[in-house]
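Reading the structure
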Amino acid sequence: QSGVKERFETESRESSEERRNEMINTLQSLYNQLDRVPKSTELPEKYSPTDFYAAFGSWDEALEAAGIDKEQAILDEIERVAEELGDIPTTGDIHNYAEYPASDYQSYFDSWDEALEQSGVKERFETESRESSEESREEMINTLQSLHNELERVPKSTELPENSKYSSHDFYTGFGSWDEALKAA
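Residues numbered from 1 in each chain as written. Predicted model: local features only at pLDDT ≥ 70, side-chain atom pairs only at ≥ 80, totals over all residues. Heavy atoms only, no water.

Topic: the packing of helix α4 (residues 70-85) against helix α7 (residues 112-119)
As a reminder of what qualifies: Axes, fitted as lines to C-alpha atoms, cover a helix only where it is in contact. Angles between the N-to-C directions of the axes lie from 0 to 180 degrees. Helix numbering and strand numbering both begin at the N terminus, where a helix is a DSSP run of H or I of at least 4 residues and a strand a DSSP run of E of at least 2. An angle below 35 degrees is read as roughly parallel, one above 145 as roughly antiparallel, one from 65 to 115 as roughly perpendicular, and any other as oblique. In what follows, a contact means two residues having at least one pair of non-hydrogen atoms within 4.5 Å. Three residue categories are used. Nonpolar comprises Ala, Val, Leu, Ile, Met, Phe, Trp, Tyr, Cys and Pro, charged comprises Asp, Glu, Lys and Arg, and polar comprises the others, including Gly.
Closest axis-to-axis distance for the α4/α7 pair is 9 Å, and the angle between their directions is 85°. Relative to α7, the element α4 is oriented roughly perpendicular. In this structure, α4 uses L75, I78 and E79 to contact α7, whose residues at the interface are W112, A115, L116, Q118 and S119. Grouping the constituent residues of the contact of α4 with α7 by class yields five nonpolar, two polar and one charged.

Dropping the structure here:
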């Protein structure tokens, strides 16, 4: 009797393993077809999400077994949305433009800031912003120096040319005051 039981358990394990492999192949095929991480609601009729939960423990574990890196896909999606917007995305932007729900970002990262840090988007845009700000400061200094040479005296904020790229407000914002801008120039 124990031989029959053993054979039955072996056949059952093999059948279970075949089914898991078939499910993995289904996930990989779906991933390639969609060109993104599939959702459990997008399974073919042959399967239900419950089948995957029973076989793998969770949807994320099924994805992992299929070699699908959902965390990386989420980071890539942050990058895609950032590129589309040309700025660091907010959670509202993610809600409006991203493939995955905000809850996915929260389940993979402790906070939205951490997701931004991990994606590299925050650092890249902050660096670009700093570089842009430094370039603007340089241009403002050049504007003041040119105006000083033209007037042959220290210029007043009201004497900026009408066609100037920068307003007096920009100088106050960039340097803290008109006097600080003049000192920098």
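Thoughts on unusual backbone geometry
Backbone geometry follows two general trends: most residues other than glycine have a negative phi, and most peptide bonds adopt the trans configuration. The backbone of D35 sits at a positive phi, close to 60°, despite the residue not being glycine. On the secondary structure map, D35 appears in the loop between α1 (2-34) and α2 (49-56). Of note in this structure, E152 is not a glycine but carries a positive phi near 60°.

Looking at the pattern of salt bridges
As a reminder of what qualifies: Salt bridges are defined by distance alone: a side-chain nitrogen of Lys or Arg within 4 Å of a carboxyl oxygen of Asp or Glu. Buried means the residue's accessible area, taken with a 1.4 Å probe over protein chains only, is under 20% of the maximum for its type, while exposed means over 50%, and partly exposed covers the values in between.
In the structure shown here, the tally under the stated rule is 15 salt bridges. The closest approach of N and O atoms between E99 and R36, which form a salt bridge, is 3.0 Å. Remark: R36 occurs in the loop between α1 and α2 and E99 occurs in the loop between α5 (91-97) and α6 (102-108); sequence separation between them is 63 residues. Taking relative accessible area as the criterion, R36 reaches 15% and is therefore assigned buried. Among the salt bridges present, the one from K122 reaches D113, with a minimum N-O distance of 3.6 Å. Given a relative accessible area of 17%, K122 falls into the buried group. Through salt bridges with shared partners, a single network forms among R36, E42 and E99.

Thoughts on the nonpolar core
The criterion, for reference: Note on terminology: a nonpolar core comprises buried Ala, Val, Leu, Ile, Met, Phe, Trp, Tyr and Cys residues joined through side-chain atoms within 4.5 Å.
Counting 30 residues, the largest nonpolar core has L27, L43, F52, I78, I94, Y105 and W112 as its most contacted members. Ranked by the residues each element gives to this core, the list is headed by α4, at six residues. When near neighbours in sequence (up to four residues on either side) are disregarded, Y105 contacts I74, E77, I78, I94, A98, Y100 and W112. Counting 10 residues, the second-largest nonpolar core is a separate cluster that includes M140, I141, L147 and F171.

So, the packing of aromatic side chains
Threshold: Pairing of aromatic side chains here covers Phe, Tyr and the six-membered ring of Trp, requires ring centres within 6.5 Å, and sorts the geometry by plane angle: under 30 degrees stacked, over 60 edge-to-face, intermediate tilted.
Taken as a whole and assessed by the stated rule, the structure comprises six aromatic pairs. Note on F52 and F56: the rings are 6.2 Å apart at their centroids and 20° apart in plane angle, and the pair reads as stacked. Of the two residues, F52 and F56 are both situated in helix α2; the distance of four residues between them amounts to about one turn of the helix. Here F52 falls in the buried class, since its relative accessible area comes to 0%. Ring plane angle 70° and centroid distance 5.7 Å describe the contact between Y105 and W112, whose orientation is recorded as edge-to-face. Under the relative-accessibility criterion, Y105 is labelled buried at 2%. Taken together, the aromatic side chains of Y47, F52, F56 and W59 make up a single cluster linked through ring pairs.

Description of the confidence of the model for the chain
For clarity, the threshold we go by: pLDDT gives the predictor's per-residue confidence on a scale running from 0 to 100.
The predicted model of the chain has a mean per-residue pLDDT of 85, with 90% of residues at 70 or higher. When pLDDT is averaged over each helix and strand of the chain, the minimum, 77, is found for α1 and the maximum, 94, for helix α3 (residues 59-65).

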